[in-house]
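# Observations on chain architecture
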Amino acid sequence: MLQNDPAGSPRPDIGAAIREIAPTAMLVRVYPERRSATHLFESDFYRILTDRRTEEKAARTVRSGFGKLADWRLAHDFYVPTRTLYLTPEPHQIGYIPEDDLSFGLSPVRRIAIDGGGR
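I will try to describe carefully the structure that is included in this document. Only a predicted model underlies this, so the values are computations on that prediction, with no experimental measurement involved.

## Quick word on the overall build of the protein chain
- Regarding its fold elements, the protein chain presents two helices and five strands.
- Relative to its 119 residues, the protein chain shows a buried fraction of 43%.
- Taking contacts inside the protein chain between residues at least 6 apart in sequence as the whole, the part at least 24 apart equals 55%.
- When the accessible surface of the protein chain is split by element, carbon and sulfur atoms take 54% of a total near 7,400 Å².

As structure tokens, then:
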């Protein structure tokens, strides 16, 4: 007899959920809640100008998808193509301004987790 096991249920794909919210988004920068900001970037490193509701939904999706794996008092970047969460570089570091080194600040040393497992 089959049983419904919530722990065994597959988690929703965060990357797919972000693509539904903002189809052209490549990077979601989630700031701490006290700052009340989220930025979405396209592949050409430009910010997507969107409404606050879309930004909040994207931030909620990322936060709920990674839960306690991240310290949400700090800013984090979710890179959609690789479904990877990174700690956002500080304003004085390379990568804070996405186009400054064409990396979005996606240094392996800043990697927090990959959606679907892994650290």
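## Digging into the environment of arginine 111
- By the element assignment, arginine 111 lies in strand β5 (residues 111-114).
- Sequence separation between arginine 111 and phenylalanine 78 is 33 residues; the distance between their C-alpha atoms is 9.8 Å.

## Some thoughts on helix α1 (residues 14-21)
- Those residues of α1 not exposed but buried are Ile14, Gly15, Ile18 and Ile21. For α1, the angular spread of buried residues about the axis comes to 120°, placing them on one side.
- Looking at the buried positions of α1, the neighbouring elements they touch are β1 (27-30), α2 (52-66) and β3 (76-79).
- The backbone nitrogen of glycine 15 has a side-chain oxygen 2.9 Å away, supplied by the residue at the start of α1, namely aspartate 13.

Thresholds, definitions, all that
- Residues numbered from 1 in each chain as written.
- Predicted model: local features only at pLDDT ≥ 70, side-chain atom pairs only at ≥ 80, totals over all residues.
- Heavy atoms only, no water.
- Helix = DSSP H or I, 4+ residues; strand = E, 2+ residues; numbered from the N terminus.
- Buried < 20%, exposed > 50% of the residue type's maximum accessible area, 1.4 Å probe, protein only.
- Contact = heavy atoms within 4.5 Å.
- Areas by Shrake-Rupley, 256 points an atom, 1.4 Å probe, with all protein chains shown as cover.
- Arc of directions from axis to C-beta.
- Polar contact = N/O pair within 3.5 Å; in protein donor to acceptor, adjacent residues only side chain to side chain.

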